[in-house]
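# Structural features, examined
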Amino acid sequence: MWGTNAREAHPIFFHHILKGIRNGAKMYAVDPRRSQTAKFADLWLGLNVGSDIALANGVGKYIIDNNLQNDEFIAHSTQGFENYVESIQEWTLERTAEVTGLPEFAIAELAEVYATAESAQLCWTLGITEHHTGAENVMALCNLALLTGHVGKYGSGLVPIRGQNNVQGGGDMGALPNKLTGFQDVANDKLRAKFEAAWDCEIPATPGKHLTLMMEAIAAKELTHLYVIGENPADADADINHVRAALQGLEFLVVQDIFLTRTASYADVVLPASAGWAESDGTVTNSERRVQLGRKALDPPGDAKDDLEIINMIADRMSPGWGNPSPQEMWDELRTVSPMHGGMSYERLEAEGGLQWPCPTEDHPGSLFLHGWLWAEDLEGRDPAPFTINVWRPPMDEVNAEYPLLMTTGRVLDSYNTGVQSDGYNSPIRSGEDLDMAPADAERLGVSTGSRVEVSSRRATIDMTVRVQPDLPTGLCFTTYHFSETTDVNQLTIEAWDKKSGTAEFKATAISVKPKVESRA
């Protein structure tokens, strides 16, 4: 469990993890905090924030130095191994311990147990991806799977645990700036021509902008109109004051959502939509690529309408005669252009309780393993999987005398994202509004649980309440982004982002903390 507090952020998934632990599985937790997840682990590796590539490279070097790698799998299924070996030579146990802050024995144990296990999974979430090196962090973990052969077979694999129930489905449908439905490259002339013929329109060959680049384009007045569906960037994005100013400077903003979010409060037009999990028909795709059919149970309240109906109404005004095609009609059209969904009829999805893509034909059972081809004798005609070279770089927001603490953010069990869906009810276990601080840091500052403090970064200053938390290492603070109305944390976070994925570095913000009053008591 690397960079994931699944116990709180993915509690249903974590129940399955606990079953595995009760059945004798070993669990290792790699996380700067001793999180609720880490407390179930056989070993907690509390590494320094942003040192994941250093640890992954160090684990890889230890495996190779001790001849624990899967030589047969490497020779048959991978490429670039020699260059990878050369790139990690500096990452001795001593050097890895120096950068990560971990004891050498812990690094060695993780490497040895992972490499020699009969089956092993690497699970991660935003603790890996929300860094300016997020994509490289993921690729560094992929290297370990290729090194040991723990991929594409039962019980082994690379497991990015999705943050919402249909994030995977959004990508599958083409909600990415460089992909068409089914992850088909928009820059590929042949693939694009297929969609143009099916949709009777011309599709730009140049990839669009991801969210971070869109905000930059809005600030530069290059993007003047925005249509936001089920997203709250006015609270969710890093360096939020910059984002809010950009959104308020738009010529025209439309927001389609189930609540009047802060983003919706800036809008020229608000379209009240449906809660997809209860008020509409359609499909979702979970973390294991399983497409499942959902059925409408309730009508949306008041004048609210199904998201698809709203989009169809707008399309019909733009192109009279469009009509109001049903979710099933839309899905059946999608199956004609997305080979990986070709065999997934509504009838099959309902009868079988879901199917895992790729499922190209009606008689195909679905694919249990995405990368099972790595074990095929001919690799099913594909190129071998590449090792990558990943260079460790520290967080962008540097800790110094002026900003001596590092703040990281995450989720807690009873709240969700920017709080839009969870703030409306009370909870006996509500937390996350405070600034969690290590006992030694609290003592040095002369504060205790309940103390009000002024928290400053290089971008803004906000007031917060301290909660002394013994599970944090000295020098690290933690909070959530669930309570923007009272604790507007994303005013503090840095605007740095990963140039490969577009993800902001939410996990590493240098801060200073000054007491305001003695106590809230």
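Residues numbered from 1 in each chain as written. Predicted model: local features only at pLDDT ≥ 70, side-chain atom pairs only at ≥ 80, totals over all residues. Heavy atoms only, no water.

## Examining the overall build of the protein
Within the protein, the secondary structure is distributed over 20 helices and 20 strands. Relative to the globule expectation of 24 Å for 521 residues, the C-alpha radius of gyration of the protein, 24 Å, shows essentially globular dimensions. Taking the principal axes of the C-alpha coordinates as reference, the protein spans close to 70 × 60 × 45 Å. Here the protein holds 521 residues, and the buried ones make up 49% of them. (Helix = DSSP H or I, 4+ residues; strand = E, 2+ residues; numbered from the N terminus. Rg over C-alpha atoms; globule rule 2.2 N^0.38 Å. Buried < 20%, exposed > 50% of the residue type's maximum accessible area, 1.4 Å probe, protein only.)

## Section: the packing of helix α3 (residues 52-65) against helix α7 (residues 104-116)
Taken N-terminus to C-terminus, the directions of α3 and α7 make an angle of 65°; their axes are 9 Å apart at the nearest point. The hand of the α3/α7 crossing is right-handed. Taking contact as the criterion, the partners of L55, V59, Y62 and I63 in α3 are, on α7, I107, A108, L110, A111, E112, Y114 and A115. A class-by-class count of the residues in the contact of α3 with α7 yields 10 nonpolar, no polar and one charged. (Axes fitted to C-alpha atoms, helices over the stretch in contact; angles between N-to-C directions. Left-handed = near helix turned anticlockwise from the far one by under 90°. Contact = heavy atoms within 4.5 Å. Nonpolar A, V, L, I, M, F, W, Y, C, P; charged D, E, K, R; others polar.)

## Regarding the domain arrangement of the protein
Per the domain assignment, the segments of the protein are domain 1 (6-155 + 381-386), domain 2 (167-356) and domain 3 (405-515). Between the C-alpha centres of domain 2 and domain 3 the distance comes to 31 Å. Of the residues lining the interface, 16 residues belong to domain 2; the matching set on domain 3 comes to 18 residues. Taken over both partners, the interface formed by domain 2 and domain 3 buries close to 1400 Å², and the fraction arising from carbon and sulfur atoms is 53%. Viewed at the interface, domain 3 and domain 2 are joined by one salt bridge. The salt bridge involving D488 is made with R244; its shortest N-O contact spans 2.6 Å. Applying the counting criterion to the domain 2 and domain 3 interface returns 10 residue pairs in polar contact (both at pLDDT 80 or more). Elements with a contribution of two residues or more to the side of domain 2 that touches domain 3: α12 (211-219), α13 (233-236) and α14 (240-248). (Domains from an automatic or database assignment. Buried area = accessible area lost by both parts, 1.4 Å probe. Salt bridge = Lys/Arg side-chain N within 4 Å of Asp/Glu carboxyl O. Polar contact = N/O pair within 3.5 Å; in protein donor to acceptor, adjacent residues only side chain to side chain.)

## With respect to unusual backbone geometry
Here W357 and P358 are connected by a cis peptide whose omega angle stands at 0°. With respect to the element layout, P358 can be found in the loop between β13 (355-356) and β14 (385-386). Look at L379: it is not a glycine, yet its phi comes out positive at around 55°. The residue L379 is located in the loop between β13 and β14 in this model. The exposure class of L379 is buried, given its relative accessible area of 7%. If you check the backbone angles, E380 has positive phi at about 50° while not being a glycine.

## Here we look at helix α2 (residues 11-22)
Between the first and last C-alpha of α2 there are 16 Å, a value that for 12 residues agrees with the 16 Å anticipated at 1.5 Å per step. Of all the positions in α2, only F14, I17 and L18 are classed as buried. Burial along α2 is one-sided: seen end-on, the buried residues are contained in an arc of 100°. Residues of α2 that are exposed and angled more than 90 degrees away from the buried face: I12 and H16. Residues of α2 that are buried in the fold lie against α1 (6-9). Positive backbone phi, at 105°, marks G24, one or two positions downstream of α2. (Expected span 1.5 Å × (residues − 1). Arc of directions from axis to C-beta.)

## Examining the sheet that holds strand β18 (residues 461-468)
Taken together, six strands build a closed barrel; the order of strands is β15-β19-β16-β18-β17-β20 and the barrel is mixed. The sheet shows a mean angle of 45° between the axes of neighbouring strands, direction not considered. Bridging between strand β17 (residues 452-456) and β18 involves five bridges; their strand directions are antiparallel. Note on β18: the bridge partner recorded for R452 is T465. (Pairing = 2+ DSSP bridges.)

## Some words on the pairing of strand β8 (residues 225-229)
The two faces of β8 differ: L226 and V228 on one face are buried, but H225, Y227 and I229 on the other face are not. Where β8 and strand β9 (residues 252-257) come together, five bridges link them in parallel fashion. Bridge pairing in β9 places H225 opposite F252.

## Things to note about the packing of aromatic side chains
Per the stated rule, a full pass over the model turns up seven aromatic pairs. Residues F73 and W375 carry aromatic rings whose centres are separated by 4.8 Å and whose planes lie at 40° to one another, so their mutual orientation is tilted. Of this pair, F73 sits in helix α4 (residues 71-77) while W375 sits in the loop between β13 and β14; the two residues are 302 residues apart in sequence, bridging distant segments of the chain. In this structure an aromatic cluster arises from ring pairing among F81, Y84 and F387. It is R33 that lies over the ring of F478; its NZ or CZ is 3.6 Å from the centre. (Phe/Tyr/Trp six-rings, centres within 6.5 Å; stacked < 30°, edge-to-face > 60°. Lys NZ or Arg CZ within 6 Å of the ring centre and 35° of its normal.)

## Thoughts on the nonpolar core
A general feature of soluble globular proteins is that nonpolar side chains tend to end up buried together. Grouped together as the largest cluster of nonpolar side chains are 47 residues, with contacts concentrated most on W2, L45, L55, V59, Y84, L144 and L147. Here this core takes eight residues from α3, the largest share from any one element. If near-sequence neighbours (up to four positions away) are discounted, L55 is found in contact with W2, V30, L47, T96, T100, L102 and I107. The next biggest cluster of nonpolar side chains, apart from the first, holds 18 residues, and it includes L435, L445, V489 and L492. (Core = buried A, V, L, I, M, F, W, Y, C linked by side-chain atoms within 4.5 Å.)

## Details of the sheet that holds β13
Spatially, three strands are ordered β11-β12-β13 in an open sheet, and the strand pairing comes out antiparallel. At either end of the open sheet lies a strand with only one pairing partner, and these are β11 (282-285) and β13. Across two bridges, the pairing between strand β12 (residues 290-294) and β13 is antiparallel. Looking at the pairing, V291 lines up with L355 of β13.

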